[in-house]
Structures are given as structure tokens and as C-alpha cells.
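The primary structure of each chain is shown beneath.
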There are 2 protein chains.
Amino acid sequence: MLIVKKFGGSSVADKERIFHVAKRCMEDYQKGHDVVVVLSAMGKTTDQLIEMAKSINPNPSKRELDMLLATGEQCSVALMSMALATLGVPSKSLNAFQVAMHTSSAYGNARFKRIDGERIRHELDGRRMVIVTGFQGINKYDDLTTLGRGGSDTTAVALAAALHADACEIYTDVEGVYTADPRIVPTARKLKEITYDEMLELATLGAKVLHNRSVEMAKKYGVTLVVRSSLNQEEGTVVKEETDVESMLINGVAVDKNTARVAVIGVKDKPGIAFKIFHLLGKKNLNVDLILQSIGRDGTKDISFTIARDDVEEAVALLEQNKAAITAQRIEYEKSVAKVSVVGGGVQSNPGVAAKMFEAIYNVGINIRMIATSEIRITVLVDEGEEDKAARAVHEAFLEN
Amino acid sequence: MLIVKKFGGSSVADKERIFHVAKRCMEDYQKGHDVVVVLSAMGKTTDQLIEMAKSINPNPSKRELDMLLATGEQCSVALMSMALATLGVPSKSLNAFQVAMHTSSAYGNARFKRIDGERIRHELDGRRMVIVTGFQGINKYDDLTTLGRGGSDTTAVALAAALHADACEIYTDVEGVYTADPRIVPTARKLKEITYDEMLELATLGAKVLHNRSVEMAKKYGVTLVVRSSLNQEEGTVVKEETDVESMLINGVAVDKNTARVAVIGVKDKPGIAFKIFHLLGKKNLNVDLILQSIGRDGTKDISFTIARDDVEEAVALLEQNKAAITAQRIEYEKSVAKVSVVGGGVQSNPGVAAKMFEAIYNVGINIRMIATSEIRITVLVDEGEEDKAARAVHEAFLEN
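Predicted, not measured: the structure shown is a model, and the values here were computed from it.

A.B. asks: So what about the packing of helix 3 (residues 62–86) of chain A against helix 3 (residues 62–86) of chain B? Which residues, and what values?
C.D. replies: Any two packed helices are characterised by how steeply their axes cross, that is the angle between the axes, and by the distance between the axes. Where helix 3 of chain A contacts helix 3 of chain B, the axes come no closer than 8 Å and their chain directions differ by 165°. When the interaxial angle is binned, helix 3 of chain A and helix 3 of chain B end up roughly antiparallel. By crossing handedness, the relation of helix 3 of chain A to helix 3 of chain B is classed as left-handed. Within the contact of helix 3 of chain A with helix 3 of chain B, the residues separate by chemical class into 18 nonpolar, 6 polar and 2 charged.

Written as C-alpha cells, this is what we have:
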């Protein structure tokens, strides 16, 4: 078996944790498996490097920032290889140049284009464990790039796909994917399996167990992921195309507090207005989340959307400046809202899901401000401070007893 | 003009010093010159990385250590490029992979084999300053290598040779090459020029202004070096094939306290014995410095040599083990000795130099324990504690008034 294992920065934050990971990886190696380990930078290294860069240049070149940040993972992999040697396991560390991890040219936010498996296979053939730098690649200019935060998950998936690995294990500080955040919903339980699509909806909605791009890539290349704890031997959650167990109606409840609502009131009901609004925001890299358009009345309509809280002032100012062009009567916004969502394959096929969710929220006396749905998700917007209570109520309705 | 400038770790130890170097490099760039800057790792970074490695593996793989250490220079160059951007100067940082600095495969002690100038020239053509990682290369396995301590000097010279640079400036914390170490000989003065060979003798003898290999390489490729201070605008010392000024009898006095003497007493006066002794030591990487062989008497002779103090116990133990094979009656050694040397083109052509040196030492009441000479150097061994006094006496005799 060829197994790709990914460990994040907190798992390799110091000497003791590096040895803990090394011993963990040894087990599969000693069973005769080929093991490829993907690592992030140690602990807070990336943050410290960014801070150092900003002290020298408040707005550092993204190319140079990637050059700087890439050193973090290179330290991790070299030290891990040394730890494995201490334990008697032969290994080699490899960086993005050595593996030839080709990405797009976008510094700071690159995407994998092509990964060469030759060097890794050569090392595995020599019965060496291979330790690869996560988060980084090289572009067509032969420059280092980084994949954006959480990119090491994507590195692991991309390597698993390129090497046709038999397993891709993502180690985290939680035991797997839960039906809800256990800090909010104490009765949450760990899922045995979840589909890529459900995982994507959960990740987008604030269950930050896996980096979104890594799930998209796993789906694209059919890489089965296992999310499990680096601290114990529990089985974790399998993420794959279709779950084997009979599909649950709902697999998870997600809460996202980092949200604000913007309403563009009284725009003319003619083609192209919505396009103009979201084109304006897109040009400024303001990522809009849920979009809702009211049914037209008096020849006007209202367009509402949610957006990350940090972006709301900029978005509103931009829309105010372009009020005439987008034919808006006024712009309103609310920062104190939160999203509660249910995610699961049963949403589309069971019209009763939405009603059941709304009932559960109504029963605990919470008002729903906005509703949006996808094939496998229903999201409601509630006032800030009520989201946890709403989540517990919904979790109880769908996922308990 | 194309100018290569090299700055050591202490010159880029913190934000302030990085900006100081950036401003220094800007001057030549703004005059319209092409500027390539070679940097070492910041301050004590390399030592800290080695310490971290040793805490994980007391005897880390040299390959993995090079992988780890190479991150140090990569941080320096990225931060320097950011500092230059802050000052409005366009630049790009490049590492060993990007430049394609090919070396021999010896991890930790690699030598340059071939440097590709193409990428650097491309950046210079775009009127960008180029900041290159010193100290590191890549070998035929596509692995990172390091050149050994002080290797950034060699990187600068190798780049100057590959790019046919018009000047190669090595910036240090001293103003140039002195006739003696000013801490020992207060009357020492800065030399305007010195030949490669004289510089090599001085470096070997403990005047650590330039890394030896860098001088050897400069000599081989005819690269004229300038050693100057990063702290002021003084002209520094030019190191080249032949000095323009009429050759001084003696250009410098050097002191080396890190030395010990070993004597192999009463070996048979037959061919091959000296070979055996130094072959034994060479196999264990014990570097012998001066070698002296007494004239045979009663069919035996004595062979003495000097060696770094840290190596003396190992060398003596090795010789004791092989006493029979090398036909030695006994092995003696002394750790408390020091070397004092005079270096200059006039040594060979002026037989009086040796006599003058011995007289100066005799006049201050110091006993000479051993004498060795080369074409441009005379070295005497004295008891530890007397070397500074001897150096001052010799400096006065040759280099004052």
C-alpha cells in the first residue's frame, strides 16, 4: 500500500511533537507500506515570517513572501527526516523543486497543475519514507509559490492523486468530521463517512476540518480521504464520492458567525443589474456568499447577500459610490447576523427537511432573517447570539435519538 | 558595470542592518550598474538551526542538515528584496535551484562545478537587482548542498566568474586586510593591495577575512576581489594576481593560536613511512598543517607536524595504535603552542627575511620551537602566551617606520 499522510503545523510545533508524528508514521512503514508524509511549517512559523516581512515592507511582494514562507515547510521536513533517522527509519525530505510540484503562477494563491511522481517513487523504491513540504509549489517562472492557508491538505491530496496512493490521511487535532461543532452542540457525534459534496458545504459553512480546495481536488481525482486525530488511534471520518451506509437525511449542522448581510433596495427590475452589482464586488475581491433576490414589485426588486464581516464596510461603500449605475434606492446592512445550516444528501429528496428545520428554530423562539438553499444544504440567517441555540435545536431535531 | 557584492550574516542580522545593506547596494544600482548581491543567513540563524537539528538527532544526516540550513539564506534574500522594494528599487531573490548553482555531491562541504548565469542575466536585463542565496548549491541528485562555513564568499566569487563581473566586493566588519590583527598589534595598518597567494597564506594562518576557497577560486578565474567594510565608505583592500605597487618584502604578520604539535620520534629512515603516517591521518579527515622531518641519524628520524588543537588527541591515539606499522619509538605532543608567521612576496627573493624575523623574536627573549617555510611565508612555533609579543616584535621589524 502507498499511504499519504498529512500533518499540520501544530502537530510538528516542537521536538516532542515531531517525534510523536515520526513514531506514528513509522507504524505503517514497518508494516511494509510505502509512506509519503506531507508537513506544514512548525507551529506559528508562518505567522512569524509574515510579521517579519511586514516589519520590513508593509505590503511585501507576493513573490518574495512566498520565497520567504516556503522556508517554513522546508525546516519541518528536514527535521522530521532527522527524527526518523534517530528512530532508525531511512527517509528523505523533498521540497517543491525536488518533487517538481508545478502550480499556476499566482503567488500566494497558486493551484496545482502537474506533479511529477518520479523522484518520490525513486525514493520509495529504495524503501525510504518520503517527507514532502506542504503548501508550496513552483510556477512556470521557476519561482516558489504558496497555495494559501491550509494548502498542505491540498498538497497531500494532489500527491495522493499523482502517485495513485491507496490512502490519503489528513491528521488534525479533532477525531474526524462531526455532526456539529462539539463546543456548540455537546451532543454532536463523529461521522463514519461523508460525501465530498457534504464536506464542501460544511467547510464553506465554517467547519474548518479540511481545506476546501483539497476536498474539491479529492472529488475531481476520486481520492478517498480519511480525517483522523494525530493524538489517538480512532478511526476518523472517511470522505468519498458516495457513502456506503444508507444516506442520512442530514449529516451535519454548521454555524458561521463571520457573516454580515447587505441589502440593495429598490433596484430596477431589468436584466443586468444583478450582474453589475456582483461584478463590482468581484473586481475588488469581495467574496459574496448567499444571494437572495426578492420577487419584483412596482418595477423594482431587492437584492440581498451575505459577506464576510471584515468586508462589509468596503462593499457598502463601493455600492454607495455606484448607486446610480446599479439603480438602487438605498443600501442597508447588518453586521450582527449569523448563519446556521443543515447539510446532507437528503435535503433535495425530502421536501420535509426545510419545514422540520424551520419548526425546530421556531420552537425555541428564534426569528429567521433570510433563507437560502442548495441541493444538499439549507441555510438560515439569524440574529447574532442566537445561532448556537438554533444549532442545538436543529441538531436535536435531525441527529439525536 | 556588473558588480557582485557579498554581505555576511552579521550585516543582515536584523531589520535595521538589512536596510543599511539595501541602501548601500542601491547606490551602485542608481548609478546605472547591474548589481548582484550575495547574502548569508541572518545573524546566528545557522548556529540556531544546527542546534535545533542536534536536539533531534545528535548526528544528523548531512543531506538533511543542508536542506535545513539552506532555509537561512533563503529568508535573508527574500527579506532583502522586500527592503529594496520599500526603498523603491525593483529586485528579485533567487535560491540555488533558481540560479542553478551546481556543486559536487558532498553535503556540508560541496564545491561549485558549474553556475548557470542565464536567470540572473534575464533579471538584470529587466533592470532588477538580483539577490542570491550564498553558501548553498544543488548537486547531481537535485539535492541542496552547502559549501561549509564562510561559503558565501565562494558563492560571490563563483558568480562573479560565471557572469564575467567587473567587480566582486566582499563586505565585512573590518575595513580590509591588515598587516596584522589590530587587536594583537595596535600598529597594524590596512593594505591597499595583496596578491591571491599572500591572502591564501594569511587566511590559512588565521587572518579570517576571506574564506580560503573563495581566494583559490578568485585566483583560478582571475576575479579581482575587494575586501571592504559594510559600515563606511573606505576603499578596502584589493586582492589580485600581482600587486601594482612595488612588492613589499612582507605584507602581513599572522598569529594562529589553534594549533598543537605532534612528534613521531625515532621512525626507521626508509621510504614510505611519512606516507603511511599522513595517509592514516588523512583517512580520518585529520588535517595536518606544517610538517617537519629531521635529518636521519642512527638509521632513524623524527617527523613532527602541527594540527588543530581539537584533533590532537584523536591523531595521537591513531598513531599509537599504528606505532608498529609506522616504526615509531614513541609519540609526543604539546597542546600549548602557537604559530607566528610573516607573509609576503619578498620571502623567497630575500634570504635575509628569515634571519631578520628570528632576530626580532630572539630580541624579545622568546624561544622558537619549530620553523617551517614556503615560498612566501615563514612560520615559527612558539610557546602559547608568547605569540602576541612575538607578532608585535616581528611587525615592528618589518612593517613599522
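Additional details are given in the paragraphs that follow.
A.B. asks: Describe the relation of the copies chain B and chain A, with residues and values.
C.D. replies: Superposition of the two copies of the chain requires a rotation about an axis together with a shift along that axis. For the pair chain B and chain A, the relating rotation is 180°, the translation along its axis is 0.1 Å, and the fit reaches an RMSD of 0.2 Å. Both chain copies can therefore be described as sitting about a two-fold axis. In terms of C-alpha distance to the rotation axis, chain B has B:Thr71 as its closest residue, with the C-alpha 2.6 Å off the axis. Comparing interface residues between copies, 100% of those in chain B also sit at the interface in chain A, which points to an isologous, same-surface contact.

A.B. asks: How would you summarise unusual backbone geometry if you had to cite specific residues and measurements?
C.D. replies: The residue A:Asn285 is not glycine, and still its phi comes out positive at about 60°. Relative to the helices and strands, A:Asn285 is located in the loop between helix 9 (273–283) and strand 14 (288–293). Residue A:Asn285 is classed as exposed on the basis of its relative accessible area, which comes to 66%. Backbone geometry places B:Asp142, a non-glycine residue, at a positive phi of 70°.

A.B. asks: Provide a residue-level description of the packing of aromatic side chains, including the pertinent values.
C.D. replies: Going through the model one piece at a time under the given rule, you end up with 5 aromatic pairs over all chains. Seen from their ring centres, A:Phe97 and B:Phe97 are 4.7 Å apart, and the 5° between their planes marks the pair as stacked. Of this pair, A:Phe97 sits in helix 4 (residues 96–99) while B:Phe97 sits in helix 4 (residues 96–99), each in a different chain. Both residues of the pair, A:Phe97 and B:Phe97, count as buried. Note on B:Phe278 and B:Phe305: the rings are 5.5 Å apart at their centroids and 75° apart in plane angle, and the pair reads as edge-to-face.

A.B. asks: Any chance you could break down the interface of chain B and chain A for me, citing the residues and the numbers?
C.D. replies: In many reports, interface size means the accessible area that the parts give up when they come together. At the junction of the two partners, chain B supplies 40 residues and chain A supplies 40 residues. Summing both partners gives a buried area of about 3200 Å² for chain B against chain A, and 62% of it is carried by carbon and sulfur. For the chain B face of the interface with chain A, the top three residues by lost area are B:Ile56, B:Met67 and B:Met82, together amounting to 22%. The interface formed by chain B and chain A holds 2 salt bridges in total. Close ionic contact of A:Asp143 with B:Arg119 constitutes a salt bridge, the shortest N to O distance being 2.8 Å. There are 24 residue pairs in polar contact (both at pLDDT 80 or more) connecting chain B and chain A.

A.B. asks: For the packing of helix 2 (residues 45–56) of chain A against helix 3 of chain B, give the residues involved together with the corresponding values.
C.D. replies: Packing of helix 2 of chain A against helix 3 of chain B brings their axes to within 8 Å, and their N-to-C directions diverge by 30°. By the criterion of interaxial angle, the relationship of helix 2 of chain A to helix 3 of chain B is roughly parallel. Residues A:Leu49, A:Met52, A:Ala53 and A:Ile56 of helix 2 of chain A form the contact with helix 3 of chain B, whose participating residues are B:Cys75, B:Leu79, B:Met82, B:Ala83 and B:Thr86. Of the residues assigned to the contact of helix 2 of chain A with helix 3 of chain B, the class counts are 8 nonpolar, 1 polar and no charged.

A.B. asks: Please set out helix 13 (residues 387–399) of chain A residue by residue, giving values where relevant.
C.D. replies: Residues and elements named next belong to chain A. With 13 residues, helix 13 extends 17 Å from end C-alpha to end C-alpha; this agrees with the ideal 18 Å at 1.5 Å per step. Among the residues making up helix 13, those that are buried are Glu387, Ala390, Ala391, Ala393, Val394, His395, Phe398 and Leu399. Elements in contact with the buried residues of helix 13: strand 13 (252–268), strand 16 (330–343), helix 12 (352–363) and strand 18 (377–383). One or two positions beyond helix 13, positive phi appears at Asn401, with a value near 50°.

A.B. asks: Describe the sheet that holds strand 1 (residues 2–7) of chain A, and please don't skip the residues or the numbers.
C.D. replies: All names here are of chain A. If you walk across this open sheet you meet the 8 strands as 3-6-2-1-9-11-12-10, and the pairing is mixed. Where the open sheet ends on each side, the last strands, each with one partner, are strand 3 (91–94) and strand 10 (193–195). Each neighbouring strand pair of the sheet contributes to a mean axis angle of 20°, computed without reference to strand direction.

A.B. asks: Lay out the environment of A:Asn287 with the relevant residues and their values.
C.D. replies: Residue and element names in this part refer to chain A. With respect to the helices, strands and loops of the structure, Asn287 is situated in the loop between helix 9 and strand 14. In sequence terms Asn287 and Asp311 are 24 residues apart; their C-alpha atoms lie 8.3 Å from each other. Residues in contact with Asn287, not counting those within four places in the same chain, are Ile307, Ala308 and Asp311.

A.B. asks: Tell me about the state of the cysteines, and name the residues and values.
C.D. replies: Two cysteines form a disulfide when their sulfur atoms are joined by a covalent bond. Scanning the entire structure with this criterion turns up 0 disulfides over all chains. Distance from the sulfur of A:Cys25, which forms no disulfide, to the nearest cysteine sulfur (A:Cys168) is 13 Å.

A.B. asks: Kindly report on the confidence of the model for chain A, identifying the contributing residues and their values.
C.D. replies: Across chain A, pLDDT averages 91, with 97% of residues at or above 70. Both scores are given for the predicted complex: the pTM is 0.83, the ipTM 0.82.

A.B. asks: Go over the pattern of salt bridges with me, naming the residues and quoting the values.
C.D. replies: All chains considered together, the criterion is met by 60 salt bridges over all chains. For A:Asp14, the salt bridge identified is with A:Arg17, shortest N-O distance 3.6 Å. Here B:Arg63 makes a salt bridge to B:Asp143, at a shortest N to O gap of 2.8 Å. One end of the pair, B:Arg63, is in helix 3; the other, B:Asp143, is in the loop between strand 7 (136–138) and strand 8 (144–146), and 80 residues separate them in sequence. Under the relative-accessibility criterion, B:Arg63 is labelled buried at 7%. Look at the salt bridges and you will find they share partners, linking A:Arg63, A:Glu64, A:Asp143, B:Lys92, B:Arg119, B:Glu123 and B:Arg128 into a network.

Calculation notes
- Residues numbered from 1 in each chain as written.
- Chains lettered and ligands numbered in written order.
- Predicted model: local features only at pLDDT ≥ 70, side-chain atom pairs only at ≥ 80, totals over all residues.
- Heavy atoms only, no water.
- Axes fitted to C-alpha atoms, helices over the stretch in contact; angles between N-to-C directions.
- Helix = DSSP H or I, 4+ residues; strand = E, 2+ residues; numbered from the N terminus.
- Parallel < 35°, antiparallel > 145°, perpendicular 65-115°, else oblique.
- Left-handed = near helix turned anticlockwise from the far one by under 90°.
- Nonpolar A, V, L, I, M, F, W, Y, C, P; charged D, E, K, R; others polar.
- Least-squares fit on C-alpha atoms with pLDDT ≥ 70 in both.
- Contact = heavy atoms within 4.5 Å.
- Buried < 20%, exposed > 50% of the residue type's maximum accessible area, 1.4 Å probe, protein only.
- Phe/Tyr/Trp six-rings, centres within 6.5 Å; stacked < 30°, edge-to-face > 60°.
- Buried area = accessible area lost by both parts, 1.4 Å probe.
- Salt bridge = Lys/Arg side-chain N within 4 Å of Asp/Glu carboxyl O.
- Polar contact = N/O pair within 3.5 Å; in protein donor to acceptor, adjacent residues only side chain to side chain.
- Expected span 1.5 Å × (residues − 1).
- Pairing = 2+ DSSP bridges.
- Disulfide = S-S within 2.5 Å.
- pLDDT = per-residue confidence, 0-100.

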